[in-house]
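The residues making up each chain are set out below.
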Amino acid sequence: MYTIVRRRCWASTSLRVHCRAYASPAAAETKRLKSLAQKLIRKSVEVTDEVSGRQRQRGFESSIKFDTGRLPSPEVGDMSNSNMDHGWDDSRNEFDLKPGDYIEIGSHNRSASCGVVLGQLNRGRQLYTVTLTERGLVLYHLGDMVQFSIPGLISSDLASRCGSDAAPASDHQHKARLRVLKYIAALSPTIIQATFDAHAGLSDAYELLRDKDPDKRADTTLSHLTRMFKKKPTFVDLIAVHRFISQKHASFVPRRDFAVSQAIVIRSLNEKNRLNTVNRWIYQRGSPLDSFALKARPFMDQVVALRRESSLEPPSMLESPSSPSWDENDILILRYLVDSLLSAYDELPSVYSVATGNILKRLYNDASLYAHAQCYEALVDLGVLPPWQDATVHINPFFDEQVETMITKHIEKHSSPTFNAAILNPTSQPLGQEDFYPSDPMESVRHDFGDMPVYVIDDSVAKELDDGLSFEPIPGDPHGGWMHVHIADPCSIIPPTHAFASLAEKRHMSRYHPLLFDSMLPSALTGHKGFAMSLGSKDGPQRVLTFSARVSSNGDIVDYKVRSGFVNNVVVISYDTVEELMDFPRSKAKYPFGRPLGRDIHPATLTERHRADLRALYDIRTNFVARRFRDGVFLSNESKGTVVVADSPEEMPPSLSIPGRLYKGFPTFTMAVKEPLN
């Protein structure tokens, strides 16, 4: 006789899929089981076209081999030419699921499962996905709970026939659901075996892919790992490798957008060691966690008392003569807490929850479950973070030393014998991830705008000046002219293959936080005198990409141009200064919190030409607005809120300090809400 055993297979960090498999068949039953397998084969052939969906599986009968235990594994095709490297359209996202897709769902606060999408429905103005799980349950969940998906496991027609009610409303729906569940059950042993094979085949993947710097993370994708496992992977192999990385959470971190990007972070060696070490300590009696808590609690009381006494003082930092004598294990725990804080933005669910919660209970009498806010509070009370540090801001990944090294290498190439050859033939040498262009690829076609003034109008605290305006009058047309928008051109230096180009694409833009500037490109590069990417950062020509429009007096664009160019005469001026000197209308501001802000007016001299150009640009803006009204165009122009740190010192204390410092005071914030201009 044979026995039925239940095998547990983790599909994500907390996802359990219970599958039934045949085990230990008696020798006398072998012939009968083979006969039964052949009957199942013939039956499954009848439904092959119905359950194969968008990934048609051919030769289903020959794919099932009883002696090897292998069940259907349809090919996903050649994955090497896929836009997403996984065989599906990169326009898909967690909300763009189709009936018949295989998905795995879960979150940090509820159990996870896998199944097939049956459809979508609106409830309470929210779009819910309807999923039939492998246990036969129908779940209604939001799309952002999807952690992994394979499109078209079954046909959309069969999925639609299953219905979307919690229980089948008819015998027709009941039979359709049985077909889906039988197919999932038939695949389960194959997926389990493939997962075992993935563990064996990828046992050394971490050591091969991790960054050689023990403090740096690396990146990979599900596709890359799957091809390391199989040269021609099937969708079963994708699922198996996904489950492999979900079980290896100490080594691999699926990004928060993994359902879309399939991107995976490879932990640094030191981070992995810290994670394993602290998780081992929480189960030990008399572990270093106990001695850490005994040292930390008196120091935390001192930090909290000092912060309360100095809450009305300006922010400052003190050296901490009374800080505990942290040993090597204590420093490791502090760095572990920093890892835990940062993991809240990258990982879902966080693997730090259990151990971090254990540490917090040792530090606070009222600590209950792990919470991200409590981890942040602990780091502040330990002096690792200043109390004004924005917990949502990531540490800037750019390191000035690395940038300076790249710049130095680039300058050295200018004096090398091969540099002139590279200029004459830019394709003679391939560019790596740290190589800049040897020369401007657009230099021969750049338009020189001569002495035309380019007005860079921005806040005086702006770190990067990346765009400016200029006006070119047309002889004989007193009411029209050319308006030029000049954009700083880093592409004249940074090729698409450069590491900075990839990072800038992900970061999308520079961000100004009240206490921190988070640049899209390294500040050491944009502010370097030799490159002068920020407009007005040097005298002489600067490279730009210019969008030009010839505008008539009634706001019509009658001609346009797009050119690479040089600008030579940059005039930098603040918004408030322009409004003051030109007597332009000012936006009204309200101050719901704190005192009113002073106007950002700085000494400036405007010549008659400057005033004429600025007036012409303002008239063009007015004509554009009038034309929109005539054409019936509606634009939503909402109030803009600005938060300013009124008393921040020139150099704020470091945002991260280990072993910790004492901080006093707190910045004064002022909020201004500016009403939009008509």
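Source: prediction; values computed, not measured.

A. The arrangement of the overall build of the chain in detail. In terms of helices and strands, the chain carries 20 helices and 24 strands. Here the chain, with 678 residues, has 42% of them falling under the buried criterion. Once local pairs closer than 6 in sequence are excluded, the contacts in the chain between residues at least 24 apart make up 67%. Carbon and sulfur atoms make up 53% of the accessible area of the chain, which amounts to about 36,400 Å² in all.

B. Spatial organisation of the pairing of strand 6 (residues 138–142). In terms of strand pairing, strand 5 (residues 126–133) meets strand 6 through five bridges, oriented antiparallel. Considered in strand 6, the bridge of Leu132 is made with Val138. Counting the residues between successive antiparallel strands, the hairpin from strand 5 to strand 6 contains four residues, one of them, Gly136, with a positive phi of roughly 90°.

C. Spatial organisation of the pattern of salt bridges. All chains considered together, the criterion is met by 20 salt bridges. In this structure, Arg243 engages Glu104 in a salt bridge whose closest nitrogen and oxygen atoms are separated by 3.5 Å. Residue Arg243 is located in helix 8 (residues 235–247), and its partner Glu104 is located in strand 3 (residues 102–107); the two are separated by 139 residues in the primary sequence. Glu104 carries the same exposure label as Arg243, and that label is buried. When the shortest N-O distance is used, the salt bridge between Lys175 and Asp171 registers 3.5 Å. Taken as a pair, Lys175 and Asp171 lie in helix 5 (residues 171–201) at a separation of four residues, close to a single helical turn. Beyond isolated ion pairs, a larger network of salt bridges with shared partners links Asp440, Arg446, Asp489 and Arg543.

D. Examining the sheet that holds strand 8 (residues 218–221) more closely. Sheet architecture is open: three strands sit in the order 8-10-9, paired in antiparallel fashion. Across the chains shown, the open sheet's two edge strands, defined by having one partner strand only, are strand 8 and strand 9 (252–254). The sheet shows a mean angle of 30° between the axes of neighbouring strands, taken without regard to direction. With three bridges joining them, strand 9 and strand 10 (residues 263–266) adopt antiparallel strand pairing. What sits directly across from Val253, in strand 10, is Val265. Sheet contacts for helix 7 (residues 222–229): strand 8, strand 9 and strand 10; angle to strand 8, the most-contacted strand, approximately 70°.

E. Focus on the environment of Leu209. Locating Leu209 in the fold gives a position in helix 6 (residues 205–209). Distance from Leu209 to Ile266, taken between C-alpha atoms, is 7.5 Å for residues 57 residues apart in sequence. Each residue touching Leu209, except ones within four places of it in the same chain, is listed here: Ala218, Thr220, His224, Leu225, Met228 and Ile266.

F. Local environment of the sheet that holds strand 22 (residues 640–645). Taken in spatial order, the three strands make up an open sheet running 21-24-22, and their pairing is antiparallel. With one partner strand each, in any of the chains shown, strand 21 (589–593) and strand 22 form the two edges of the open sheet. Across this sheet, the average inter-strand angle for adjacent strands is 30°, counted without regard to direction.

G. Local environment of the packing of helix 7 against helix 8. Axis separation between helix 7 and helix 8 bottoms out at 9 Å; the angle between their running directions is 110°. Overall, the two elements helix 7 and helix 8 adopt an arrangement that is roughly perpendicular. In this structure, helix 7 contributes Leu222, Leu225, Thr226 and Phe229 to the contact, and helix 8 contributes Asp237, Leu238, Val241, His242 and Ile245. Classifying every residue of the contact of helix 7 with helix 8 gives six nonpolar, two polar and one charged.

H. Summary view of the side chain of Ser251. Within the secondary structure layout, Ser251 lies in the loop between helix 8 and strand 9. Since its relative accessible area comes to 8%, Ser251 is described here as buried. Beyond its immediate stretch of four places on either side in the chain, Ser251 contacts Tyr206, Val265, Ile266, Arg267 and Lys272.

I. Region of interest: unusual backbone geometry. You will see that Asp583, though not glycine, has its phi angle at about 60°, which is positive. By secondary structure assignment, the location of Asp583 is in the loop between helix 19 (575–582) and strand 21. In this structure Asp583 comes out as exposed when scored by relative accessible area, which is 63%.

J. Spotlight on the nonpolar core. By size, the foremost hydrophobic cluster in this structure holds 44 residues, and its most contacted members are Phe148, Leu153, Ile154, Val180, Leu225 and Phe252. Setting aside chain neighbours within four positions, we find Phe252 in contact with Ala205, Tyr206, Leu225, Phe244, Ile245, Ile264, Val265 and Ile266. Counting residues in hydrophobic clusters, the runner-up holds 32 residues, among them Phe292, Ile333, Leu379 and Leu385.

K. Structural context of the environment of Ser268. Tracing the backbone shows Ser268 in the loop between strand 10 and helix 10 (269–281). With relative accessibility at 4%, the residue Ser268 sits in the buried group. Distance in space between the C-alpha atoms of Ser268 and Ala250 is 9.9 Å, their sequence separation being 18 residues. At 3.4 Å, the side chain of Ser268 and the backbone oxygen of Pro214 are in polar contact.

L. Region of interest: helix 10. Between the first and last C-alpha of helix 10 there are 18 Å, a value that for 13 residues agrees with the 18 Å anticipated at 1.5 Å per step. For helix 10, every residue scored as buried is listed here: Glu271, Lys272, Arg274, Leu275, Thr277, Val278 and Trp281.

M. Examining the side chain of Thr226 more closely. Position of Thr226 relative to the elements: it lies in helix 7. With relative accessibility at 0%, the residue Thr226 sits in the buried group. When sequence neighbours within four positions are dropped, the list of residues in contact with Thr226 reads Pro233, Asp237, Leu238 and Val241.

N. Focus on the packing of helix 5 against helix 8. Across the interface, helix 5 lies against helix 8 with an axial gap of 8 Å and an inter-helix angle of 55°. Judged by the inter-axis angle, helix 5 sits oblique to helix 8. Relative to helix 8, helix 5 is oriented so that their crossing is right-handed. Between helix 5 and helix 8, the residues in contact are Leu187, Thr190, Ile191, Ala194, Thr195, Ala198 and His199 and Phe235, Val236, Asp237, Ile239, Ala240, Arg243, Phe244 and Gln247, respectively. Residue composition of the contact of helix 5 with helix 8, grouped by class: nine nonpolar, four polar and two charged.

O. View of the environment of Ile184. Among the secondary structure elements, Ile184 is positioned in helix 5. When near neighbours in sequence (up to four residues on either side) are disregarded, Ile184 contacts Val116 and Glu134.

P. Here's a closer look at the confidence of the model for the chain. Scored by pLDDT, the chain comes out at a mean of 75, with 73% of its residues at no less than 70. Of the regions scoring below 50 in pLDDT, residues 43–95 engages in 114 contacts with residues more than four places distant in sequence or in other chains. Scored below 50 in pLDDT, residues 415–427 shows ten contacts in the model against residues more than four places distant or in partner chains.

Basis of the calculations
Residues numbered from 1 in each chain as written. Predicted model: local features only at pLDDT ≥ 70, side-chain atom pairs only at ≥ 80, totals over all residues. Heavy atoms only, no water. Helix = DSSP H or I, 4+ residues; strand = E, 2+ residues; numbered from the N terminus. Buried < 20%, exposed > 50% of the residue type's maximum accessible area, 1.4 Å probe, protein only. Contact = heavy atoms within 4.5 Å. Areas by Shrake-Rupley, 256 points an atom, 1.4 Å probe, with all protein chains shown as cover. Pairing = 2+ DSSP bridges. Salt bridge = Lys/Arg side-chain N within 4 Å of Asp/Glu carboxyl O. Axes fitted to C-alpha atoms, helices over the stretch in contact; angles between N-to-C directions. Parallel < 35°, antiparallel > 145°, perpendicular 65-115°, else oblique. Nonpolar A, V, L, I, M, F, W, Y, C, P; charged D, E, K, R; others polar. Core = buried A, V, L, I, M, F, W, Y, C linked by side-chain atoms within 4.5 Å. Polar contact = N/O pair within 3.5 Å; in protein donor to acceptor, adjacent residues only side chain to side chain. Expected span 1.5 Å × (residues − 1). Left-handed = near helix turned anticlockwise from the far one by under 90°. pLDDT = per-residue confidence, 0-100.

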